[in-house]
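These are the residues of each chain, in order.
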Amino acid sequence: MSPVASDAAAGVSDRLAVSRGIAIASRKWAPIIAIALIATLVRLAPLLRSNVDFSIYPDDSYEYLQTADGMRAGCGFARLIDGVCNPPEILRTPGYPLFLALINGSDLRRSLAVQAMLEGMLCLLAAAWVSRVWGFRAGIIAALLIALDIPSIVSSNKIMSETLFSLCLMLSVVPPLLVLSRGCADARAFAIIVASGLALGFAVLVRPIGVFLPILETIPFLMMPGIPPSRRLGLAVAAFLVPALIVGGWCYRNYRVSGYAGLSTVGAINLYYYRAADVLSFETGQPVMTVQKEMYRDLGVPFAKVFEARVQSPELASRMNHLAKHILLAHPKTTMVMTLQSFLYLCLSPMRTPLARLIGTTGGSSELGLGAGPVSLGRIRRILSAVTQSPALTTLIVLQIVWVVFIWFGVARALYRCRNSSREYLAWIVFPLIVAMMLLALPAGAEANVRFRAVAIPLLAVVAALGYCVGPSAARQPGVTLQT
């Protein structure tokens with residue numbers, strides 16, 4: 001064969017190899033893209049309704065929108081109410097209002113559409129990253145568990161921060177695990193540390209409950225195999241410092257504008273008007289909402305007014321913390337029972353009232369969920385009676401129960417395999433699970449709402465997918481090679 005013919009044959013062979021590679025990649029990515037599209041379309045479907053009143057969560061949504069309006073109107077980080085700039089905001093953090101301001105959040109349909117697309121992106125990232133290390137089947141299962149989770153679907157159709165926070169969590173939790181799987185502390189690893197740290201810092205500014213996350217971000221780097229301890233410690237310190245500096249910067253801003261040296265005063269409100277109120281509800285047998293109305297006598301600020309920017313101050317936050325701690329320490333056993341009940345509620349309960357509003361059916365109520373106040377047969381009967389009036393709501397609640405059991409069973413399988421697993425598999429299970437459990441445990445009080453579980457679902461989905469799809473031999477294998 002002549003050199004020219006040989007070169008031509010080689011060129012044809014190379015093109016055929018490239019074509020086969022593209023075809024294989026297309027077949028691999030097609031199901032992942034399909035799941036992401038399904039997740040997006042399911043969340044877009046409610047926008048076909050004539051109005052989107054279901055998207056407004058009382059008080060919180062209005063405050064987010066008012067703060068976004070204030071940012072666009074030149075008020076700085078402050079609410080704009082009736083055309084007047086309120087005092088600088090120290091209750092809300094800037095992440096979600098900034099998001100709304102950038103996308104013109106006053107257009108509710110646009111905001112919900114963008115959040116639906118973010119959920120689709122979340123499914124895409126979960127599938128791609130898990131598939132890269134643990135196989136295609138595990139990635140598909142993780143994406144499906146996120147895409148079809150009903151509380152996540154409902155939450156993405158609220159002017160609330162859950163969707164944005166979930167995406168930031170995925171961007172900050174899984175990339176460090178990819179660095180661990182690569183087992184190489186090079187420039188690329190440092191770039192991932194910086195990027196995930198920025199995402200984590202923004203996550204904390206979206207929801208202050210994530211203030212503990214910078215410490216947990218060190219876990220994957222401390223567990224990296226094959227790296228000298230000094231190098232592991234250096235990576236861990238860098239992973240902590242990037243988000244910690246962002247959080248510290250916002251705390252300094254609050255101190256400059258109001259004298260409050262903290263991230264947000266929402267923790268003090270939750271501690272007094274929700275946790276302490278829940279304990280008193282257990283002790284007196286009164287509903288939590290009744291107790292909340294009476295607690296203002298000691299504080300001097302009614303529950304209905306405590307979220308207003310003009311009453312927020314370091315002194316008020318300090319007084320709420322002091323009064324709440326006094327109540328909680330005076331009833332330690334009740335505090336533990338209340339916390340455990342709310343935690344189990346967040347882990348296991350199906351979503352009811354927001355779901356009923358979304359699908360436009362009966363079955364919801366204005367009272368707090370079963371996680372708040374003592375559970376009684378009367379409360380359970382009222383809830384069951386309301387739910388069974390709507391066949392659609394009943395069906396969706398049964399599906400949620402099945403879904404929750406499936407996820408937690410997968411998590412249990414993953415934990416069982418950790419007994420004799422590699423350090424890599426252990427990190428992929430322990431790190432996301434610790435973050436998820438902290439996100440479920442910290443709001444365990446009368447403020448407990450099933451939408452809080454939506455932010456933990458992507459991480460629980462990753463763990464459950466590994467529990468179902470990674471066999472014992474693969475879990476024991478150290479240094480699983482990243483798949484291309």
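Analysis parameters
Residues numbered from 1 in each chain as written. Predicted model: local features only at pLDDT ≥ 70, side-chain atom pairs only at ≥ 80, totals over all residues. Heavy atoms only, no water. Helix = DSSP H or I, 4+ residues; strand = E, 2+ residues; numbered from the N terminus. Buried < 20%, exposed > 50% of the residue type's maximum accessible area, 1.4 Å probe, protein only. Contact = heavy atoms within 4.5 Å. Areas by Shrake-Rupley, 256 points an atom, 1.4 Å probe, with all protein chains shown as cover. Lys, Arg positive; Asp, Glu negative; His and termini not counted. Charge placed at Lys NZ, Arg CZ, Asp CG, Glu CD. Salt bridge = Lys/Arg side-chain N within 4 Å of Asp/Glu carboxyl O. Pairing = 2+ DSSP bridges. Disulfide = S-S within 2.5 Å. Axes fitted to C-alpha atoms, helices over the stretch in contact; angles between N-to-C directions. Parallel < 35°, antiparallel > 145°, perpendicular 65-115°, else oblique. Left-handed = near helix turned anticlockwise from the far one by under 90°. Nonpolar A, V, L, I, M, F, W, Y, C, P; charged D, E, K, R; others polar. Core = buried A, V, L, I, M, F, W, Y, C linked by side-chain atoms within 4.5 Å. Expected span 1.5 Å × (residues − 1). Phe/Tyr/Trp six-rings, centres within 6.5 Å; stacked < 30°, edge-to-face > 60°. Lys NZ or Arg CZ within 6 Å of the ring centre and 35° of its normal.

Our next topic: the overall build of the protein chain. When you go through the protein chain residue by residue, the secondary structure sums to 23 helices and two strands. Across its three principal axes, the protein chain shows a C-alpha extent of roughly 95 × 55 × 50 Å. Relative to its 484 residues, the protein chain shows a buried fraction of 54%. Across the protein chain, every contact between residues at least 6 apart in sequence was considered, and the portion connecting residues at least 24 apart equals 78%. Within the structure as shown, the protein chain displays about 20,900 Å² of accessible surface, and the carbon and sulfur contribution to it stands at 67%. Distance between charge centres in the protein chain, computed from 41 positive and 24 negative side chains, equals 8 Å.

To continue, consider the pattern of salt bridges. Between side chains of opposite charge, a pair can form when the charged atoms approach closely. For the structure on display, the rule yields eleven salt bridges. Across the pair Arg 451 and Glu 162 runs a salt bridge whose closest N-O atoms are separated by 2.5 Å. Here Arg 451, found in helix 21 (residues 451-454), pairs with Glu 162, found in helix 7 (residues 162-182); they are 289 residues apart in sequence, far enough to count as distant. It is possible to trace a salt-bridge network through shared partners that takes in Asp 60, Glu 63 and Arg 92.

Let's shift gears to the pairing of strand 2 (residues 84-88). Two elements, strand 1 (residues 78-81) and strand 2, share three bridges in a ladder whose sense is antiparallel. Residue Ile 81 lies in a different strand from strand 2, and its bridge partner there is Val 84. Connecting strand 1 to the next strand, strand 2, in antiparallel fashion are two residues, including Asp 82 with a positive phi near 55°.

Bringing the state of the cysteines into the picture now. By the definition in use, this model includes one disulfide. Between Cys 251, a cysteine without a disulfide, and Cys 168, which holds the nearest cysteine sulfur, the sulfur-to-sulfur distance is 18 Å. Note on Cys 251: relative accessible area 19%, which makes it buried.

At their nearest, the axes of helix 12 (residues 266-284) and helix 15 (residues 314-330) sit 8 Å apart, and the two run at 25° to each other. Classified by the interaxial angle, the pair formed by helix 12 and helix 15 is roughly parallel. Taken as a pair, helix 12 and helix 15 cross one another with a handedness that is left-handed. Along the contact surface, helix 12 presents Ala 268, Ile 269, Leu 271, Tyr 272, Arg 275, Ala 276, Val 279 and Leu 280, while helix 15 presents Ala 317, Met 320, Asn 321, Leu 323, Ala 324, Lys 325, Ile 327 and Leu 328. Among the residues forming the contact of helix 12 with helix 15, the class breakdown is 13 nonpolar, one polar and two charged.

What follows is about the nonpolar core. In terms of nonpolar packing, the biggest core is built from 118 residues, with Trp 134, Phe 165, Met 170, Trp 428 and Leu 466 touching the most fellow members. Counting residues per element, this core draws most heavily on helix 4 (residues 108-134), at 14 residues. Not counting residues within four places of it along the chain, the set of residues in contact with Leu 466 comprises Val 130, Trp 134, Arg 417, Tyr 425, Trp 428 and Ile 429.

This part takes up helix 16 (residues 332-348). A rise of 1.5 Å per residue sets the reference length of helix 16, with its 17 residues, at 24 Å; its end C-alpha atoms lie 24 Å apart and thus fit the reference within 8%. Looking only at helix 16, the buried set comprises Thr 334, Thr 335, Met 338, Gln 341, Ser 342, Phe 343, Tyr 345, Leu 346 and Cys 347. Buried residues along helix 16 sit against helix 12, helix 15, helix 19 (391-417), helix 20 (423-441) and helix 21.

Attention shifts here to the packing of aromatic side chains. Evaluated as defined, the whole model comprises twelve aromatic pairs. The interplanar angle of 70° and the centroid separation of 5.0 Å between the aromatic rings of Tyr 272 and Tyr 273 together place this pair among those described as edge-to-face. With 5.1 Å between their ring centres and 65° between their planes, Tyr 273 and Phe 303 make a pair best called edge-to-face. With Tyr 273 in helix 12 and Phe 303 in the loop between helix 14 (296-299) and helix 15, the pair connects residues that are 30 residues apart, well separated along the chain. The rings of Tyr 272, Tyr 273, Tyr 274, Phe 303 and Phe 307 are connected pair by pair, giving a single aromatic cluster. For Arg 92, the ring lying beneath its charged end belongs to Tyr 64, and the centroid distance is 4.9 Å. Across the ring face of Phe 165, the terminal group of Arg 207 is positioned such that the distance to the ring centre comes to 5.6 Å.

With that settled, consider the packing of helix 3 (residues 95-102) against helix 4. Viewed as axis vectors pointing N to C, helix 3 and helix 4 meet at an angle of 115°, and their least axial separation amounts to 10 Å. With respect to each other, helix 3 and helix 4 are oriented roughly perpendicular. For the crossing formed where helix 3 meets helix 4, the hand is right-handed. Facing Tyr 96, Phe 99 and Leu 100 of helix 3, the residues of helix 4 in contact are Ser 111, Val 114, Gln 115 and Leu 118. Class assignment for the residues of the contact of helix 3 with helix 4 results in five nonpolar, two polar and no charged.

Moving on, we get to unusual backbone geometry. Even without being glycine, Asp 59 reaches a positive phi, approximately 70°. For Asp 82, which is not glycine, the phi torsion reads 55° and is therefore positive. Relative to the assigned elements, Asp 82 resides in the loop between strand 1 and strand 2. Given the relative accessible area of 76%, Asp 82 is considered exposed.

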